[in-house]
Amino acid sequence: MFKNHMWRLTPVLLMLVFLSGCLGEENLTALDPKGEAAQWIYDNMIISLIIMAFVSIVVFAIFFIIVIKFRRKEGDDELPKQVHGNTAMEITWTVIPVILLIILFIPTVTGTFEFHVDADPAEHEDSVYINVTGHQYWWQFDYEEGFTAGQEVYIPAGERVVFELNAEDVIHSFWVPALGGKVDNIPGISNALWLQADEPGVFLGKCAELCGPSHALMDFKVIALERDDYDAWVEEMSAVETEDTMADAEAGYEVFQENACINCHAVGGQGTAMGPALTNFGDRQKFAGVYDFDDDEALANWIRDPQSMKQGNNMPDHPEIGDEDMADLIEYLRSLQIRGADQD
Amino acid sequence: MASYKKEKGVVWDWLTTVDHKKLGIMYLIAGTLFFLKAGLMAVFMRIQLIMPDNTFLSGQTFNEFITMHGTIMLFLAATPLLFAFMNFVIPLQIGARDVAFPFVNALGFWIFLSGGLLLSTSWFFGGGPDAGWTAYVPLSLNENQLGLDFYVLGLQVSGIGTLISAINFLVTIINMRAPGMTMMRLPLFVWTSFVTSTLILFAFTPLAAGLALLMLERIFDAQFFNPAAGGNVVIWQHIFWIFGHPEVYILVLPAFGIISEVIPAFSRKRLFGYTAMVFATMIIAFLGFMVWAHHMFTVGIGPVANSIFAIATMTIAVPTGIKIFNWLFTMWGGKITFNTAMLFASSFVPTFVLGGVTGVMLAMAPVDYLYHDTYFVVAHFHYIIVGGIVLALFAGLFYWYPKMFNHKLNEKLGVIFFILFTIGFHMTFFVQHFLGLMGMPRRVYTYLGGQGLDEFNMISTIGTFFMSAAVIVLVINIVYSAIKGERVIGVNDPWDARTLEWATPTPVPEYNFAQTPQVRSLDPLFYEKVHGDGTMKPAEPVDDIHMPNGSILPVVISIGLYFLGFGLIMLEMENPMLSPWIVVALGGLLTFGGMALRSLNDDHGYHIPKSVVKADLKKQGGGK
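Residues numbered from 1 in each chain as written. Chains lettered and ligands numbered in written order. Predicted model: local features only at pLDDT ≥ 70, side-chain atom pairs only at ≥ 80, totals over all residues. Heavy atoms only, no water.

Colleague: Quick question: what am I supposed to make of the sheet that holds strand E3 (residues 148-150) of chain A here?
Modeller: Across a sheet, paired strands are connected by hydrogen bonds in the backbone, their directions being either parallel or antiparallel. Residue and element names in this part refer to chain A. Read from one edge of the open sheet, five strands run E3-E2-E1-E5-E8, paired in mixed fashion. Both edges of this open sheet fall to E3 and strand E8 (191-195), since each of them pairs with a single strand only. Each neighbouring strand pair of the sheet contributes to a mean axis angle of 25 degrees, computed without reference to strand direction. Where strand E1 (residues 129-135) and strand E5 (residues 161-167) come together, six bridges link them in parallel fashion. In the strand pairing of E5, Ile-130 is matched with Phe-163. (Pairing = 2+ DSSP bridges. Helix = DSSP H or I, 4+ residues; strand = E, 2+ residues; numbered from the N terminus. Axes fitted to C-alpha atoms, helices over the stretch in contact; angles between N-to-C directions.)

In structure tokens:
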């Protein structure tokens, strides 16, 4: 019979595989924290994991002894001793868990208060304060300097950045696993959280609350820059005028105008926030959050028939745009750059 | 069995029966069918996730599947399967001839079934609900999605069935115990069912209220959840989880009860620390009500609330730990027979611990900001629900099967089933802990390649194939055993067990006990085996036995409720086939007409004459 219980070792073996370094994709996984909040969470997860592993090992050990030692032999009809219980033992396995839990209470309470911030710009004058709005299925980032960015949020590295979290339609949840915990974006309620990226880099973010058919495709990026680069970026973003952006690709700009794209997509302070702002579209790493930015065909298909690529999103389709116009339009969109080729 | 009542057709007999044993079997069949349906959906979802960017299911279909999988598994599979055992076993274990309200018992079953069918009807009207089993507003207010109307009304209807069944169990356990069966001699399964019924009483009522709000908002355009009109979307989450958290304990406490029956029986030892087990059950139930907001740590309810709910949640580990160690020390020093039932019951203990420890980890609110809404949570609650409730259900199935169906399930197939299921279960869910930590949110229909998520998703999906194979083996086992299984007719006590249900003849006569037994101890049958002649002493002379009449009215009332719900949903349809109000009126007529008939018609039941009971006793070779 013991052979049938060998499977119980599987989790232990699997654990060894993980410990040998399989932690997931860098800048996404929470097992390789890249910021202060993520590090705190990781450390306390490990503390709780050690305590819980201890509990599990005790239970498994007792269990295996029982399985091996107390099997009934063939033809053994003798009745085992009938014990009703043992008060001392029962007190022991009540008191020990209580002690273990008290160890966990302390970081639970301190951490809860450490991570709490109010959604109020006046309280956070010393830190960068970015207003995040969740939409089906994209993210809007409004900066205090008055401009809007879509899908990719730039922050200075090495300092706590406060994000105010709101939602336009349904509940979303703002999560950058490598940088810290998540907080929900709820219609009618403003939440906030702080995150810090210790080093410059690109960190992957996801929506964590079911928000409709394309919930799985609601990705975004957090791009952390050195403070100087960040300041420069903010300055450029604030200064962009629509006229600046049409110079390089005037034909494409006309297509953009003819199809009334500006009604939803702001460029350089003009337009609305019905769709992601396109001011720095040319700097994107992905379009629509998940598709390869360099793929012309996919981008054209997206503009003509967005439903086929992101079910249930709110962008109208534009099948009438011809190939030539489409090429111009894409050229125009790609020309919308703030940081140009210097990034990475 | 006897000619003192008119013979009717088999189908009619099952439609009108109020016998708790037949209803138990009906719950078992209905629950199993729903279990297979929801399990199949899970397999489809895992196939979709076997590799990145897969297009097997669309986002919409996937969301309908996650919603229906969760809803069906909790409301229409786990609950009725537990009710199946509760219905069949509780009256036998407390030495009663039936439940307190046999008619209400039948009504509960049929209403549950009609609610479940109403929910399933959604597939024929544009797809199932798609907002998750939690139906968070505002996503669940999507007017283009009729599936959510089916969710609201289907659950409302089936919830009524669950609620009245629970009330019935409460009254039965309080009132119908055999002489000598004091509360502190109740088998643990009866105790946990009792506490669970209390939980249902207090948890399903807020659910009904919440569903009523959602129905008013969806069908009649109320504005409870619209911030623009002064509503609040978080209110729904509070109401839902005030029901939803206890729901976990509603399911897991009877599972604890099953484990507490099976482990002593096959260890040949009495339950270690009976009193502590009873009080731990009550404490778990109480705390279970106090911790609903731990599902809402990331909602922004503030650090004070988060801290309080976090600590209260962790505290549940203490009574649960008491239970775990009591089970272990029930086995310790025993002479354990590892048949299929015991394999499931004993492997439950370490498996459930794995789910429990991640529960404590999740309760640390600031760390939960990481875990929340990720695959870590998916892994955790499947360790609780599959590793806890489902393993216990399988243990209970193999354990009570001989009493319910008069033959045993095949042991060899049972062990194969156990091995396949266990491998598949751990393979599927263990790696999901890591997927969550590596950045995979839950409820995603796809994920991008190159994010380090591919391998574990593949492993997880292969695990579900093992579990599917296991379930197929179980089905084969059930069919095979029905044809060739070891008959236990005339064998009252095939396991050498301890509690009263094994003192009844097999097959169990419709009146359960010809003479109500006199209970002299905890584990009454075992006590008689050691201190008496191995049979229960009767507490009354042989006499006429009063039994309730069957009735078709539960079916009529349930059909009425189905049409009432369906009519309300038709209000939302664009081109209904006929006026919705006609359907509502028809449903109302059947429901309230059925109730009126029941109230106005005095039905005194019938008596099984003393002579018949005596003849039965003689056939079984007893009769004192």
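Colleague: Hey, could you run me through the pattern of salt bridges in this one?
Modeller: For side chains bearing opposite charge, pairing can occur when the charged atoms are close. Scanning the entire structure with this criterion turns up 25 salt bridges over all chains. For A:Lys34, the salt bridge is made with A:Glu26, and the minimal N-O distance between the two is 3.1 Å. Judged by relative accessible area, which is 19%, A:Lys34 ranks as buried. Measuring nitrogen to oxygen at the nearest pair gives 2.8 Å for the salt bridge that ties A:Glu36 to A:Arg160. Placement of A:Glu36 in helix H2 (residues 36-69) and of A:Arg160 in the loop between strand E4 (152-156) and E5 is noted, with a sequence separation of 124 residues between them. Sharing partners across several salt bridges, the network here consists of B:Arg268, B:Asp493, B:Asp496 and B:Lys529. (Salt bridge = Lys/Arg side-chain N within 4 Å of Asp/Glu carboxyl O. Buried < 20%, exposed > 50% of the residue type's maximum accessible area, 1.4 Å probe, protein only.)

Colleague: Mind showing me how you'd approach the pairing of E8(A) here?
Modeller: The side chains of a regular strand alternate between the sheet's two faces. Residue and element names in this part refer to chain A. Of all five residues in E8, five are buried; the element is thus mostly enclosed. What you see with E8 is no split at all: Asn-191, Leu-193 and Leu-195 on one side and Ala-192 and Trp-194 on the other are buried throughout. In this sheet, E8 lies alongside E5 in antiparallel orientation, the contact comprising five bridges. Its bridge partner being in E8, Glu-164 is matched across the sheet by Ala-192.

Colleague: For this particular structure, what's the right way to read the sheet that holds strand E6 (residues 172-175) of chain A?
Modeller: All names here are of chain A. Taking strand neighbours across the sheet as the criterion, the five strands line up as E4-E10-E9-E6-E7 in an open arrangement whose pairing is mixed. Strands with a single pairing partner mark the edges of an open sheet, and in this sheet they are E4 and strand E7 (183-185). Ignoring strand direction, the axes of neighbouring strands in this sheet form an average angle of 30 degrees. Bridge count between strand E9 (residues 201-207) and strand E10 (residues 219-225): six bridges; the pairing is antiparallel. Residue pairing across strands places Lys-206 opposite Asp-219, the latter belonging to E10. Most of the contacts of helix H4 (residues 227-239) go to E4, to which it runs at about 130 degrees, and overall it touches E4 and E10. (Contact = heavy atoms within 4.5 Å.)

Colleague: Please clarify how the packing of aromatic side chains should be interpreted in this entry.
Modeller: A full pass over the atoms with the stated rule returns 79 aromatic pairs over all chains. Taking 5.7 Å as the distance between ring centres and 80 degrees as the angle between the ring planes, the aromatic pair formed by B:Phe240 and B:Phe243 counts as edge-to-face. In this pair, B:Phe240 and B:Phe243 are both assigned in helix H7 (residues 234-267), three residues apart and thus about one turn of the helix distant. Relative accessible area serves as the criterion here: at 2%, B:Phe240 is assigned to the buried category. With relative accessibility at 0%, the residue B:Phe243 sits in the buried group. Counting every residue linked through ring pairs, the aromatic cluster contains B:Phe75, B:Trp133, B:Phe204, B:Phe224, B:Phe225, B:Trp236, B:Phe240, B:Trp241 and B:Phe243. Lying over the aromatic face of A:Phe293, A:Arg334 brings its terminal NZ or CZ to 4.9 Å of the ring centre. (Phe/Tyr/Trp six-rings, centres within 6.5 Å; stacked < 30°, edge-to-face > 60°. Lys NZ or Arg CZ within 6 Å of the ring centre and 35° of its normal.)

Colleague: Please explain the interface of chain B and chain A as it appears in this structure.
Modeller: Where interface size is quoted, it is often the accessible area lost as the parts come together. Across the boundary between the two partners, chain B contributes 104 residues, which contact 95 residues of chain A. Both sides of the chain B and chain A interface together cover about 8,500 Å² of buried area, and 74% of this is carbon and sulfur. The largest contributions to the chain B side of the interface with chain A come from B:Arg268, B:Lys335 and B:Tyr369, which together make up 8% of the buried area. The interface formed by chain B and chain A holds one salt bridge in total. Of the charged contacts, one joins B:Lys335 and A:Asp76 as a salt bridge, the two residues approaching to 2.9 Å between their closest N and O atoms. At the surface where chain B touches chain A, the tally comes to 18 residue pairs in polar contact (both at pLDDT 80 or more). When residues of the side of chain B that touches chain A are assigned to their parent elements, the largest contribution, eleven residues, is made by helix H14 (residues 411-437) of chain B. Looking at the side of chain B that touches chain A, its residues break down into 62 nonpolar, 32 polar and ten charged. (Buried area = accessible area lost by both parts, 1.4 Å probe. Polar contact = N/O pair within 3.5 Å; in protein donor to acceptor, adjacent residues only side chain to side chain. Nonpolar A, V, L, I, M, F, W, Y, C, P; charged D, E, K, R; others polar.)

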